[in-house]
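# Per-entry structural report
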Amino acid sequence: MTTLNENEIPLFLESIESSPYHALFYLALFSGMRRSEMLALRWQDVDLLLSKISVSRSLCHVRSGTNKGQFIFKAPKTQKSRRLVPISPSTCEVLRLHGEAQSKQRLALNLPAI
């Protein structure tokens, strides 16, 4: 596994600033959550007031059987994986801004609020 060093993190953050995945990458850098956990998040799992995220499911790719190739949501493998993840004030701000942008997009598309 290759990780970013402390000099590369600001450069990476600057390069993804305008990406639609900015909030996801930011959360990945500063939360320690697994990719499958982040991809399964819903807004109801995020508490910006108490600065925490509730991990209660993950997104899994089915590799065999009748649902082969599909993506499904599953409960975490262990009870310990079901947890509350504290998030920093800066992560809360990134997520808040992302949520506002998402709400504006939904409004522009005439979709119901989440």
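Everything here concerns the structure above.
Throughout what follows, the structure given in this document is the object of discussion. Keep in mind it's a predicted model, so treat the numbers as computed, not measured.

Right, let's talk about unusual backbone geometry for a bit. Of note in the backbone geometry, Ser51 takes a positive phi value of approximately 55 degrees without being a glycine. For Ser51, the location among the structural elements is in the loop between strand S1 (46–47) and strand S2 (52–55). Here the phi dihedral of Asn110 falls at roughly 60 degrees; this positive angle occurs in a residue that is not glycine. Judged by relative accessible area, which is 70%, Asn110 ranks as exposed.

Glancing now at the packing of helix H2 (residues 22–31) against helix H4 (residues 89–108). Between two packed helices, the angle of one axis relative to the other and the distance separating the axes together describe the packing. Here H2 crosses H4 at 160 degrees, and the two axes come no closer than 9 Å. By the criterion of interaxial angle, the relationship of H2 to H4 is roughly antiparallel. The handedness of the crossing between H2 and H4 is left-handed. Residues His22, Ala23, Tyr26, Leu27 and Phe30 of H2 touch H4, and the partners they reach there are Ser90, Thr91, Val94, Leu95 and His98. The residue makeup of the contact of H2 with H4, split by class, is 6 nonpolar, 4 polar and no charged.

On to the sheet that holds S2. Within the open sheet, the 3 strands sit side by side as S1-S2-S5. Their pairing is antiparallel. Since the sheet does not close on itself, it has two edges, and those belong to S1 and strand S5 (83–86), each with one partner. For S2 and S5, the ladder comprises 4 bridges, and the chain directions are antiparallel. Across the sheet, residue Ile53 finds its bridge partner in S5, namely Val85.

A complete count under the given rule lists 5 salt bridges for this structure. Where Arg96 meets Glu93, a salt bridge forms, and the shortest distance between an N and an O atom there is 2.5 Å. With Arg96 and Glu93 both in helix H4, this residue pair falls 3 residues apart, about one helical turn. Classification of Arg96 by relative accessible area gives partly exposed; the value is 32%. Its relative accessible area of 35% is what places Glu93 among the partly exposed residues.

We now examine H2. Among the residues of H2, His22, Ala23, Tyr26, Leu27 and Ser31 are the ones counted as buried. Around the axis of H2, the buried residues are gathered within 130 degrees of arc, so they sit on the same side. The secondary structure elements touched by the buried residues of H2 are helix H1 (8–15), helix H3 (35–39), S2, S5 and H4. Just beyond H2, the residue with positive phi is Gly32, at close to 80 degrees.

Grouped together as the largest cluster of nonpolar side chains are 15 residues, with contacts concentrated most on Leu27, Met33, Ile53, Val85, Ile87 and Leu95. Mapped by element, the contributors of at least two residues to this core are H2, S2 and H4. In this view, Val85 contacts Ser31, Met33, Ser51, Lys52, Ile53 and Val55; residues no more than four positions away in its chain are not counted.

The rules behind these values
- Residues numbered from 1 in each chain as written.
- Predicted model: local features only at pLDDT ≥ 70, side-chain atom pairs only at ≥ 80, totals over all residues.
- Heavy atoms only, no water.
- Helix = DSSP H or I, 4+ residues; strand = E, 2+ residues; numbered from the N terminus.
- Buried < 20%, exposed > 50% of the residue type's maximum accessible area, 1.4 Å probe, protein only.
- Axes fitted to C-alpha atoms, helices over the stretch in contact; angles between N-to-C directions.
- Parallel < 35°, antiparallel > 145°, perpendicular 65-115°, else oblique.
- Left-handed = near helix turned anticlockwise from the far one by under 90°.
- Contact = heavy atoms within 4.5 Å.
- Nonpolar A, V, L, I, M, F, W, Y, C, P; charged D, E, K, R; others polar.
- Pairing = 2+ DSSP bridges.
- Salt bridge = Lys/Arg side-chain N within 4 Å of Asp/Glu carboxyl O.
- Arc of directions from axis to C-beta.
- Core = buried A, V, L, I, M, F, W, Y, C linked by side-chain atoms within 4.5 Å.

Read these as geometric descriptors, not functional statements.
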